[in-house]
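Chain residues, written in single-letter form:
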Amino acid sequence: MKENKKTIIVFSNDMDKVLASFVIATGAAAMGDEVTMFFTFWGLNVLRDPKKKSKGKSFLEKMFGWMMPKGINRLPLSKMNFLGLGPILMKYMMRKKNVQSLNEMLKQAQELGIKLVACSMSMDVMGIKKEELIDGVEIGGVATYLAEASEAGLNLFI
Amino acid sequence: MKENKKTIIVFSNDMDKVLASFVIATGAAAMGDEVTMFFTFWGLNVLRDPKKKSKGKSFLEKMFGWMMPKGINRLPLSKMNFLGLGPILMKYMMRKKNVQSLNEMLKQAQELGIKLVACSMSMDVMGIKKEELIDGVEIGGVATYLAEASEAGLNLFI
Amino acid sequence: MKENKKTIIVFSNDMDKVLASFVIATGAAAMGDEVTMFFTFWGLNVLRDPKKKSKGKSFLEKMFGWMMPKGINRLPLSKMNFLGLGPILMKYMMRKKNVQSLNEMLKQAQELGIKLVACSMSMDVMGIKKEELIDGVEIGGVATYLAEASEAGLNLFI
C-alpha cells in the first residue's frame, strides 16, 4: 500500500460535492501525492465540454444530455439550489473570500498531474461520448478503479 | 491490513448509488477479493423481499414500510426521478447497452460469496424484521462493521 | 499507517447521515480507536450552537445562516422529510427503541475524546464564525484533514 496515493470517486454533479472533491484532490496533489479522480454517473457532467458536440446519438441519449448540467460551470447545489440562485450566491461568496472557482480548480488539478478518469460503463448507459469531454481525460472501467484503489491509502466516494 | 478485503456501506436506496455499489463489489469479488456490503438505513430497502410479509408491526412501523421502496426492483433515482419515469428509462438504457440489471447483480453478488449484512440498529428503528429480507442476509451492528473495515484495504460509504 | 485511527468527513446535515456518522465514530472510539470527525459545508450546521450569536455578518452571510438548520436538534431527513414530520417520527422511533439521541451521541463523542474539526474554508464561504459553534471544536483546513487521513486505516465521506 502507498500512503501517498489517493483516489476519489466523483459520483455526484452537485457543485458543493464536486468542490469538496477538488479541494481534497488538489490539496493532496500539491503536497506531492499521486491522485486519481474517477467521474461516474452524474459526476460525468463535470467533464463535459460545453463547446463540444457529438453526433450519432439516439433520441433518448440526446434527451439525457439536454437534461443534465453541461460542464463544471453549470452544476446545481445539493441543498438550497433555488432554481439556480443558490449556485450563483455560492460562486459570489467564493469569489469574495478568494476561494478558487471550480473551473480554476479543474485546471489546477490537470496542471498538478491529477489523473482524471471517466467511467466507461456510465458513459455507455447515459450516452455520453468521449468527444464531448474536455481534453486530457482517460476512459476506464471498474477494473481500472479497483487496481488504483487497492493500493491507495485514501479512497473516498463523494 | 488485507489489501484484498473490501467493505461498502450501502446507506442509500437510490438506484444509481446502489448500482455503483454493486458494480464495485461484484467487480472486486470477481477478481478474488473478499467483499462485505453493509446495508443500513434506506439501503435496507434493497434487501427487502417483495414477496415476504411480517407480522406484529406497530402502525408507525407499517407506515414506514409502505412509504419506502420494497426491494431492489423499485428503487428511485437520486436525480431526475420524474415520479418513477427516470428509473424506467435507466433500466431501458442498461438493458440496451447489455449492462446487468440490479437484480442480476444482487444474485451474482451472492454467487460470488459477497457477504450481505443488514444493520441491526436501522432495522430496529425503521421496524424492518429479518423475515422480510431476502434469503442469505446476515444481521450485524456497528461492531461487526468496524471489525471488518479496520482490516480492509478499501472502505466506501455510498 | 495506524489501523486504529479513523476519520469521517461529515459533509451532510441530514439527520440520518449525521446519525450514521456518530454511530460509527462513537462505536470506534468506545473500542479505543482514535477518531477525528471533520465537519464541512452543510455538516457545519451540526456544530452550530442555537444559543450563540455572532456579530459583524454581511447580509448574505446572515441569510445563509437563517436558511440552514441551526444545531444538531434541527436537522432534516435526506428522504421522507415531509416538512419536518419525518425527523419527529424518526426521533420518536429512536427513543422507543432505546437508541441514543443525536445530541447525546455528540456529548458522548466529546467525552470519548473524538476530535471535532470544523472546516475553515467552508466556514469562510458560508459566513459561519467560530463563536457560533459549540465548545470544544477545533478549526482546520484541508491540510489538517489530509495529515490525519493519510495515516488512518478507515476514512469515510458521509
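Residues numbered from 1 in each chain as written. Chains lettered and ligands numbered in written order. Predicted model: local features only at pLDDT ≥ 70, side-chain atom pairs only at ≥ 80, totals over all residues. Heavy atoms only, no water.

**A few points about the packing of aromatic side chains**
Now for step 1: Following the criterion strictly, the structure yields 12 aromatic pairs over all chains and no others.
Now for step 2: Grouping aromatic residues by their ring pairs yields a cluster made of A:Phe11, A:Phe41 and A:Phe157. (Phe/Tyr/Trp six-rings, centres within 6.5 Å; stacked < 30°, edge-to-face > 60°.)

**A word on the relation of the copies chain B and chain A**
Each of the two chain copies can be generated from the other by rotation about an axis followed by a shift along it.
Now for step 1: Mapping chain B onto chain A calls for a rotation angle of 120° and an axial translation of 0.0 Å; the resulting RMSD is 0.0 Å. Accordingly, the operation relating the two chain copies is best matched by a three-fold axis.
Now for step 2: Mapped onto chain A, only 16% of the interface residues of chain B again fall at the interface, so the copies present different surfaces. (Least-squares fit on C-alpha atoms with pLDDT ≥ 70 in both. Contact = heavy atoms within 4.5 Å.)

**Some remarks on the pattern of salt bridges**
Now for step 1: Tallied over the entire structure, the rule returns 37 salt bridges over all chains.
Now for step 2: Among the ionic pairs, B:Lys115 bridges to B:Glu148, the shortest N-O distance being 2.6 Å. Here B:Lys115 is found in strand β3 (residues 115-119), whereas its partner B:Glu148 is found in helix α6 (residues 142-151), with 33 residues between them in sequence.
Now for step 3: Residue B:Lys115 is classed as partly exposed on the basis of its relative accessible area, which comes to 31%.
Now for step 4: With a closest N to O distance of 2.8 Å, C:Lys6 and C:Asp33 form a salt bridge. With C:Lys6 in strand β1 (residues 2-10) and C:Asp33 in the loop between α1 (15-30) and β2 (34-39), this pair connects stretches of sequence that are 27 residues apart. (Salt bridge = Lys/Arg side-chain N within 4 Å of Asp/Glu carboxyl O. Helix = DSSP H or I, 4+ residues; strand = E, 2+ residues; numbered from the N terminus. Buried < 20%, exposed > 50% of the residue type's maximum accessible area, 1.4 Å probe, protein only.)

**Looking at a nonpolar patch on the surface**
Now for step 1: The grouping of A:Phe59, A:Trp66, A:Met67, B:Phe82, B:Leu85 and B:Ile88 at the surface amounts to a nonpolar patch, some 700 Å² of accessible area in total.
Now for step 2: Looking at which element gives the most residues to the nonpolar patch, the answer is helix α2 (residues 59-67) of chain A, with 3 residues.
Now for step 3: With respect to the element layout, B:Ile88 can be found in helix α3 (residues 85-96).
Now for step 4: Among the residues examined, B:Ile88 registers a relative accessible area of 56% and is labelled exposed. (Patch = residues over 30% accessible without salt bridge, like charges linked within 9 Å, V, L, I, M, F, W, Y side chains within 5 Å. Areas by Shrake-Rupley, 256 points an atom, 1.4 Å probe, with all protein chains shown as cover.)

**Comments concerning the interface of chain B and chain C**
Now for step 1: Across the contact, 29 residues belong to chain B and 31 residues belong to chain C.
Now for step 2: Between chain B and chain C, roughly 2600 Å² of surface is buried when both sides are summed, and carbon and sulfur atoms account for 76% of that area.
Now for step 3: If you sort the residues of chain B by the area they bury against chain C, B:Trp42, B:Val125 and B:Phe157 come out on top, with a joint share of 24%.
Now for step 4: Taken together, the connections running from chain B to chain C amount to 2 salt bridges.
Now for step 5: For the interface between chain B and chain C, the tally reads 6 residue pairs in polar contact (both at pLDDT 80 or more).
Now for step 6: Elements with a contribution of two residues or more to the side of chain B that touches chain C: α2 (59-67), α5 (120-126), α6 and β5 (152-157) of chain B.
Now for step 7: No other element matches α6(B), which puts 6 residues into the side of chain B that touches chain C.
Now for step 8: Considering only residue class, the side of chain B that touches chain C consists of 20 nonpolar, 4 polar and 5 charged. (Buried area = accessible area lost by both parts, 1.4 Å probe. Polar contact = N/O pair within 3.5 Å; in protein donor to acceptor, adjacent residues only side chain to side chain. Nonpolar A, V, L, I, M, F, W, Y, C, P; charged D, E, K, R; others polar.)

**Observations regarding the relation of the copies chain B and chain C**
Now for step 1: Overlaying chain B on chain C yields an RMSD of 0.0 Å, the required transformation being a rotation through 120° with an accompanying axial translation of 0.0 Å.
Now for step 2: A share of only 17% of the interface residues of chain B reappears at the interface of chain C, consistent with the copies meeting through non-equivalent patches.

**Section: the interface of chain B and chain A**
Now for step 1: If you look at the interface, chain B gives 31 residues, while chain A gives 29 residues.
Now for step 2: In total, about 2600 Å² of surface goes out of reach between chain B and chain A, with carbon and sulfur atoms giving 76% of it.
Now for step 3: Considering only the surface of chain B that becomes buried against chain A, B:Lys79, B:Met80 and B:Met93 emerge as the three largest contributors, covering 23% of it.
Now for step 4: Viewed at the interface, chain A and chain B are joined by 2 salt bridges.
Now for step 5: Notably, a salt bridge pairs B:Lys79 with A:Asp14, separated by 2.6 Å at the nearest N-O pair.
Now for step 6: The interface formed by chain B and chain A holds 6 residue pairs in polar contact (both at pLDDT 80 or more) in total.
Now for step 7: Among the elements of the structure, β1 (2-10), α1 (15-30), α3 and β5 of chain B are those that each provide at least two residues to the side of chain B that touches chain A.
Now for step 8: Among the elements that take part in the side of chain B that touches chain A, α1(B) stands out by supplying 8 residues, more than any other.
Now for step 9: A per-class count over the side of chain B that touches chain A returns 20 nonpolar, 4 polar and 7 charged.

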